[in-house]
There are 4 protein chains.
Amino acid sequence: MAGNTIGQQFRVTTFGESHGLALGCIIDGCPPGLALTEADMQHDLDRRRPGTSKYTTQRREPDEVKILSGVFEGQTTGTSIGLLIENTDQRSKDYSNIKDLFRPGHADYTYHQKYGIRDYRGGGRSSARETAMRVAAGAVAKKYLKQVHGIEVRAYLSQMGDVKIDKVDWDQVEQNAFFCPDADKVDAFDELIRKLKKDGDSIGAKLTVVANNVPVGLGEPVFDRLDADIAHSLMSINAVKGVEIGDGFDVVEQRGSEHRDAMTPEGFKSNHAGGILGGISSGQDIVAHIALKPTSSITVPGETITSQGETAEVITKGRHDPCVGIRAVPIAEAMLAITLMDHLLRHRGQNADVLTETPKI
Amino acid sequence: MAGNTIGQQFRVTTFGESHGLALGCIIDGCPPGLALTEADMQHDLDRRRPGTSKYTTQRREPDEVKILSGVFEGQTTGTSIGLLIENTDQRSKDYSNIKDLFRPGHADYTYHQKYGIRDYRGGGRSSARETAMRVAAGAVAKKYLKQVHGIEVRAYLSQMGDVKIDKVDWDQVEQNAFFCPDADKVDAFDELIRKLKKDGDSIGAKLTVVANNVPVGLGEPVFDRLDADIAHSLMSINAVKGVEIGDGFDVVEQRGSEHRDAMTPEGFKSNHAGGILGGISSGQDIVAHIALKPTSSITVPGETITSQGETAEVITKGRHDPCVGIRAVPIAEAMLAITLMDHLLRHRGQNADVLTETPKI
Amino acid sequence: MAGNTIGQQFRVTTFGESHGLALGCIIDGCPPGLALTEADMQHDLDRRRPGTSKYTTQRREPDEVKILSGVFEGQTTGTSIGLLIENTDQRSKDYSNIKDLFRPGHADYTYHQKYGIRDYRGGGRSSARETAMRVAAGAVAKKYLKQVHGIEVRAYLSQMGDVKIDKVDWDQVEQNAFFCPDADKVDAFDELIRKLKKDGDSIGAKLTVVANNVPVGLGEPVFDRLDADIAHSLMSINAVKGVEIGDGFDVVEQRGSEHRDAMTPEGFKSNHAGGILGGISSGQDIVAHIALKPTSSITVPGETITSQGETAEVITKGRHDPCVGIRAVPIAEAMLAITLMDHLLRHRGQNADVLTETPKI
Amino acid sequence: MAGNTIGQQFRVTTFGESHGLALGCIIDGCPPGLALTEADMQHDLDRRRPGTSKYTTQRREPDEVKILSGVFEGQTTGTSIGLLIENTDQRSKDYSNIKDLFRPGHADYTYHQKYGIRDYRGGGRSSARETAMRVAAGAVAKKYLKQVHGIEVRAYLSQMGDVKIDKVDWDQVEQNAFFCPDADKVDAFDELIRKLKKDGDSIGAKLTVVANNVPVGLGEPVFDRLDADIAHSLMSINAVKGVEIGDGFDVVEQRGSEHRDAMTPEGFKSNHAGGILGGISSGQDIVAHIALKPTSSITVPGETITSQGETAEVITKGRHDPCVGIRAVPIAEAMLAITLMDHLLRHRGQNADVLTETPKI
């Protein structure tokens, strides 16, 4: 119980259902003196927002966030920051038909069994709509990390179905609707999405999240390692089924002589580790990959049961992404930023001196 | 800071360095009335222990755990349980030579930078020796889960290098030194290890962890999802670089119609989800996979620097596993058990009634 | 940092400044299936609300709370509950004059020093206005405790200045504007308040909080004892300077033979302990007393300094209670209820069986 | 459950029963680079130790603490510190007679009801013996606070029974067996103890704890206020029934014009607040008072029941202090030090810059 909070020193707590009155969030522990306005969060909220391109669900939500506290005369005060986004486009009628159905691949059944009651409208609390507040909170972390430490947290789509990118050009990421860093793959992604829409089906995706300029020393062994906490925050995103740090599962076939990153007076010669050694940031780029499952909200008929345990068939009509992974790009950035922010503050408390300037070799 | 604790209601806190006087652990929140003796922990400690087979490091440690508190007349009392394992085979001299070296792929550099001081003897706190206490604490969780709920937590080696298992026969797992469930692959693993020893090199591995009879309802959305907390606990194991739940990264190429697990009055028809939907256990087997990197402690010379920043070469002689993944099997079981135990207690607090008997369809 | 949350399993996180847009709260961990509407909270909010009697500040706030999530079709769903109260009567102009003054006895100076920036309007986050959300959250806890366990949490004013009550008649508490359980003292309190208003001064108060029907077994030794957590939650209320459990400071002059509560087959013969032994509830009434300091917002001139460190004089005009202790009665009830609720859920997790029915002698 | 940990960033977790094999503690979050040896803890352990004077219990325990981890070459490394004290003088036979008795005023009954099982030997976990580890952990905090910030945490006995001190001379505190700062009262205390021994009875006590040189800014409103956390840590000490900050319960009869501490360019003119305003340290001395109940372990016969619910009489023979308050002096210092240390680290994380030097007016 009480699982709606993440972070210890930069602590984010959220509430809100897909079709409730509003989504909300409390950011506790944000350092004082950070210039902050709604606009700082709106950009990422718009990147996540549905209905922004023909590739994502057509639900229309302005997703306008309001700062209710913690900011005075344009600066954070160090007190808790209250954020609110009102749900304007609710359309509960869309969902009444699945009131007594457990949609396969969804949380309907588990919520029903765990709580004995559930808000069936659009998945209620289990809807990805909840991630809007993660993005808002993450934007605050991203701004602080960038301004105070020059840390940049970015992500991109590295694979959808069997289409993989071949190169990473950060300038391309915001140039297309897929957050794809490889201009040559945009058409292939486009084609795949069209086919899926025709088939009424969906597909999985792989994202890559990267943080630059991370100081050495973040992470608290042996349990709150930076990689362990990153795994927690990324795996907490809806639909994520796998998390990798650095080379991830490729290490299974690697030899020690190949995997370990050599060090020189000029720095590391490679980054198989993904910027983390012994659970502590090494000063290299932090690199993580996540796998997102294909959404189960498709028009292909699915076999399931009712809450009375009778056989039933499900066809999910309405507004749904063929690939939920696309819109997860800003969410993944947000979660990594929140975790880095939390560890930055945790580390400073114990080692205030050590971090006065970023340690160098 | 303060990162040596895992769990909220079943809380495990550990201490101890590779070559310190002892390793210790406090288990807080264990329910009262559980019959418990050292023997309950010793079996798993022996499975993890070095020097048990020709495939693992020859360091000889009896790893005898002592219960110092929390147990009275053979039963847990509900108070904190203190556990201790004395280090008997320390051989500090082995390590003095790397006092000023940052071994590539190890935590030497990051600990040095984070804390400004480090216990260089055998990696100090960053040594896998620390995992002995995880196994001891995990054994307590495993016993409770088994006795009270019939939950069984087991793991096996599913891949080493490019050698993959083809079938899973649980009876085989304890019959060979690799925790390999496929008798036909034992020779291949054996051969691979011999070659690596000859080459003085190491290799990565992939493990699979499974929990049976898990009740529906464990996991606390939206951040403390069961899968997110499992990712945290498994990624906190030394050398782990990737975690998958269910189909993991395979979902990237799956379609929704293929991935979602159909439900029938008799139960689920498949388990692509790995037993977790919306962050809550579904009553199916919980299945997770982890990737462990090859150890960097090899005799192949490595390029690195000294703490003074000068170029240096490292050759790690002494007692080291060519594949640290093998001994990680009981550790992975322990971490999954600890996380399930924690969530079982957390869930019971909020939903005492709901869990009186395991919900069925 | 990150200090705006209380409780572990029944977790309350708040935000909001005296003159910000709104106050808010997230209740995480409330069990599902509890019937809940705004009306359940409004009663206590009205008891706390300013402007309700001639004895309390005349600031006019409807203090209407809105449930934004966590409740579906009139019942809690087990997900996080978002609550909001908009600030309607802000009057920032009242406060601009003290923008650069550190009002003696207030948090102006400490907030300024801690954060380097502060919302000076009405004390910002340090204003007692924040307690409205505590009362709203406490009302949820009170309802659950009452319905599920028959636990009743109530409080009264036991002393103001040198006027002490002689008897406790619970029926009287809601019959007068002082929450006074002794009808014979109402006039004396009335007179005292009139005099203070004439003098432009304020006075301290002592409150008593009592919980009936508390089951045996709540509290987690050795640090999270029930009494220790009650001390934390009650001391966290603005202006509280002292907390007593049972006989409190009277024990200093008591002998062991007098203090210890004798037990008989019919139960305890006295309750010097205040319902807690060894940090665990004994099944008797839980009794606590708190001391609230006199507000520093008075028209008697006060000596202080400016944020530039220059001498200055302060006279606080405007809407202020001569005795803030009066309105603290529902706040004290709320904090005790939140702490009992948290411990009830914590205890159930570990001892699900034990608490099936309240243990009896 | 899981209540044996205190602190968030400087986190202390303990285990151990009165007559178990050993007491232990893990300190997590201690900054690296602090010179630390057993001797640093032994002094306070000896001050707390029984059998040191004719006024305290004659149980003879060397209470020798051993550092098992977290310290390398005489300095803390930033990793978790394991501490151990073996129980050498156990005498279980003393207690077998009360195996089935619920001693009035003790935790026997509540532990029995909460857990369904209890270690009856000397109170098991509920024995004050547990506080030895608090003192050891507190000594580490005291040393850090002193060395790094010049903060001094000290306590004294201010009242026993009806004997109150009239003046505070810190030099006297360690000159007598009562930690009494008023030399003129030592005889009166001595006489009172003799009388109690003759009567086979016990008495309560009041202690005062003071911290000097505390920087401005410690404390995290609104719930983790410094005063709220101090109340928690002091109330968690065995036998404590009341906690006051500054003027404490005297504020009930004070007027605002009298209570509020005037500020001048030279600093505050008084300290009614006890060094905390709005839950944040003001830079003045932090002053707290606690009330300790008289021990119930006396030879005066007491009325009680057996675990079968039958009437019984209890006479507690053996080794017991007529006034447990005396030995609580070092314990109170330890708890205040632990809480200040925790808040110092918490504050530094969020406001690293602000605390570079102690803020002055």
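The structure presented is a predicted model; accordingly, all values stated were derived computationally and were not measured.

Definitions and limits used
- Residues numbered from 1 in each chain as written.
- Chains lettered and ligands numbered in written order.
- Predicted model: local features only at pLDDT ≥ 70, side-chain atom pairs only at ≥ 80, totals over all residues.
- Heavy atoms only, no water.
- Pairing = 2+ DSSP bridges.
- Helix = DSSP H or I, 4+ residues; strand = E, 2+ residues; numbered from the N terminus.
- Contact = heavy atoms within 4.5 Å.
- Axes fitted to C-alpha atoms, helices over the stretch in contact; angles between N-to-C directions.
- Salt bridge = Lys/Arg side-chain N within 4 Å of Asp/Glu carboxyl O.
- Polar contact = N/O pair within 3.5 Å; in protein donor to acceptor, adjacent residues only side chain to side chain.
- Nonpolar A, V, L, I, M, F, W, Y, C, P; charged D, E, K, R; others polar.
- Buried area = accessible area lost by both parts, 1.4 Å probe.
- Disulfide = S-S within 2.5 Å.
- Least-squares fit on C-alpha atoms with pLDDT ≥ 70 in both.
- Expected span 1.5 Å × (residues − 1).
- Phe/Tyr/Trp six-rings, centres within 6.5 Å; stacked < 30°, edge-to-face > 60°.
- Buried < 20%, exposed > 50% of the residue type's maximum accessible area, 1.4 Å probe, protein only.
- Lys NZ or Arg CZ within 6 Å of the ring centre and 35° of its normal.

Caption draft 1: Geometry of the sheet that holds strand 9 (residues 163–164) of chain C. Judged by pairing direction, the sheet is antiparallel, and its 10 strands sit side by side in the order 9(C)-8(C)-10(C)-16(C)-11(C)-11(D)-16(D)-10(D)-8(D)-9(D) without closing on themselves. For this open sheet the edge positions go to strand 9 of chain C together with strand 9 (163–164) of chain D, each flanked by a neighbour on one side alone. Across five bridges, strand 11 (residues 240–245) of chain D lies against strand 16 (residues 286–292) of chain D in antiparallel orientation. Opposite D:Ile245, over in strand 16 of chain D, you have D:Ala288 as the bridge partner. The sheet contacts of helix 7 (residues 226–235) of chain C involve strand 11 (240–245) and strand 16 (286–292) of chain C together with strand 11 of chain D, and relative to strand 11 of chain C the element is tilted by about 155°. Across the sheet, helix 6 (residues 186–199) of chain D lies against strand 8 (152–160) and strand 9 of chain D, angled at about 60° from strand 8 of chain D, the strand it touches most.

Caption draft 2: Layout of the interface of chain A and chain D. Chain A puts 15 residues into the contact, and the matching count from chain D is 15 residues. Summed over the shared surface of chain A and chain D, the number is zero salt bridges. Our count for the contact surface shared by chain A and chain D stands at eight residue pairs in polar contact (both at pLDDT 80 or more). The residue makeup of the side of chain A that touches chain D, split by class, is five nonpolar, seven polar and three charged.

Caption draft 3: Region of interest: the interface of chain A and chain B. If you look at the interface, chain A gives 110 residues, while chain B gives 110 residues. Carbon and sulfur atoms supply 60% of the area buried between chain A and chain B, which totals about 8,900 Å² over both sides. A per-residue breakdown of the area chain A buries against chain B is headed by A:Met1, A:Phe223 and A:Arg260, which together make up 11% of the total. The tally of links between chain A and chain B comes to 10 salt bridges.

Caption draft 4: Representation of the sheet that holds strand 4 (residues 65–67) of chain D in the model. Residues and elements named next belong to chain D. Read from one edge of the open sheet, five strands run 1-2-3-7-4, paired in antiparallel fashion. Strand pairing shows two members of the sheet lacking a second neighbour, strand 1 (5–6) and strand 4, which therefore form its edges. Bridging between strand 3 (residues 22–28) and strand 7 (residues 81–86) involves six bridges; their strand directions are antiparallel. Bridged to Ala22 within strand 7 is Glu86.

Caption draft 5: Representation of the state of the cysteines in the model. Following the criterion strictly, the structure yields zero disulfides over all chains and no others. The thiol of C:Cys180 is not disulfide-bonded; the next cysteine sulfur, from C:Cys323, is found 12 Å away.

Caption draft 6: Structural view of the relation of the copies chain A and chain B. If you rotate chain A by 180° and push it 0.0 Å along the axis, it lands on chain B with an RMSD of 0.0 Å. As the rotation angle and translation indicate, the two copies are arranged about a two-fold axis. Looking at the rotation axis and the C-alpha trace of chain A, the residue lying nearest is A:His232, at 2.4 Å. Same-surface contact between copies: 100% of interface residues of chain A are shared with the interface of chain B.

Caption draft 7: Here's a closer look at helix 6 (residues 186–199) of chain A. All names here are of chain A. Relative to the 20 Å expected for 14 residues at 1.5 Å per residue, helix 6 spans 20 Å between its end C-alpha atoms, a close match to the ideal helical length. Those residues of helix 6 that are buried lie in contact with strand 8 (152–160), strand 9 (163–164) and helix 9 (324–350). With its phi angle positive at about 65°, Gly200 sits one or two positions after the end of helix 6.

Caption draft 8: The packing of aromatic side chains, seen in detail. If you walk through the whole model with that rule in mind, you get 26 aromatic pairs over all chains. Ring geometry for A:Phe72 versus C:Tyr120: centroids 5.3 Å apart, planes at 85°, classification edge-to-face. Separated into two different chains, A:Phe72 in strand 5 (residues 71–72) and C:Tyr120 in the loop between helix 3 (108–115) and helix 4 (131–149) make up a pair that spans both. Assigned by exposure class, A:Phe72 and C:Tyr120 land together as buried. Geometrically, the ring pair formed by C:Tyr109 and D:Phe268 is edge-to-face, given 5.8 Å between the ring centres and 75° between the ring planes. Placement of the pair is C:Tyr109 in helix 3 and D:Phe268 in strand 13 (residues 267–268), with the two residues belonging to separate chains. D:Phe268 carries the same exposure label as C:Tyr109, and that label is buried. What links up through ring pairs into an aromatic cluster is the set A:Phe102, A:Tyr109 and B:Phe268. Just above the ring of A:Trp170 sits the side chain of A:Arg154; from NZ or CZ to the centre is 3.9 Å.

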